[in-house]
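Geometric and topological summary
Listed here are the chains, written in short residue letters.
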Amino acid sequence: MKLYWILATICTTAALSACSMAGPSVSKMTGAPTTEAPSVSAAATAVQTEAKEEASEPPTTVAVLPSSQEEDEEDLNEALFRSAASTAQMEITTGLTTEYLDMICSYPVTVYHGDKTTVLKDLDDLNAIGLKALYTDELLKAVGEADPEQIVITDDTALLGDPEGAYIILGKDVYDVIGITEFHYPQ
């Protein structure tokens, strides 16, 4: 009896396998609809192949910022410049030591005094020139009267003071830190 069930199972399995593999040719002969296993198998294979190809391709990313994100970055840059202008204004109008001025300078700092140009490379150069040479009455007045909220930022630079007289230029250093990059005096 056991042998009978084994043979019956094998025959049933073989018959079902043969029917599913026959596909559309059997339905044409008998007129009965059949399940099209081979085409489903082919579609599944195509999907698997496509998935493998996509997985093997290196991912390509394009950084496109939405306009709102670009606007946020511009707003942040503007806020940072205004903050740096406010800090520079406070330091110049109340500053007592070159150590504080040094912290808001983005070296090299160029000093234009009439036709004379001096380049300050570090705190030692700043100490050598001294605050008295930098904080002239004209610069103190021009920077003190300037409104940091009204500065115009062009190409990551901004002017604080009197464009016809004494003023400073704020700009970014190689690390994108905003600080004083230039002092300008008319004579």
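An unreviewed UniProt entry lists the protein chain under the name Peptide ABC transporter substrate-binding protein, from Candidatus Enterocloster faecavium.

1. Concerning the sheet that holds strand 4 (residues 157-161)
Ordered in space as 2-1-6-5-4-3, the six strands form an open sheet in which the pairing is mixed. The open sheet has two edge strands, strand 2 (116-120) and strand 3 (153-154), and neither has a second partner. Sheet analysis places strand 4 next to strand 5 (residues 167-172), joined by five bridges and oriented antiparallel. Residue pairing for strand 5: L160 is matched across the bridge by I168. Sheet contacts for helix 8 (residues 137-145): strand 4, strand 5 and strand 6 (178-185); angle to strand 4, the most-contacted strand, approximately 110 degrees.

2. Some remarks on the nonpolar core
Counting 28 residues, the largest nonpolar core has L101, L139, I168, I180 and F183 as its most contacted members. No other element matches helix 4 (residues 67-94), which puts five residues into this core. Leaving out residues up to four positions away in the same chain, I168 has contacts with A88, I92, L139, A158, L159, L160, I180, E182 and F183.

3. Focus on the packing of aromatic side chains
Tallied over the entire structure, the rule returns one aromatic pair. On the numbers, 6.5 Å between centres and 5 degrees between planes, the contact of F183 with Y185 is stacked. The two residues F183 and Y185 agree in class, both being buried.

Conventions used here
- Residues numbered from 1 in each chain as written.
- Predicted model: local features only at pLDDT ≥ 70, side-chain atom pairs only at ≥ 80, totals over all residues.
- Heavy atoms only, no water.
- Pairing = 2+ DSSP bridges.
- Helix = DSSP H or I, 4+ residues; strand = E, 2+ residues; numbered from the N terminus.
- Contact = heavy atoms within 4.5 Å.
- Axes fitted to C-alpha atoms, helices over the stretch in contact; angles between N-to-C directions.
- Core = buried A, V, L, I, M, F, W, Y, C linked by side-chain atoms within 4.5 Å.
- Buried < 20%, exposed > 50% of the residue type's maximum accessible area, 1.4 Å probe, protein only.
- Phe/Tyr/Trp six-rings, centres within 6.5 Å; stacked < 30°, edge-to-face > 60°.

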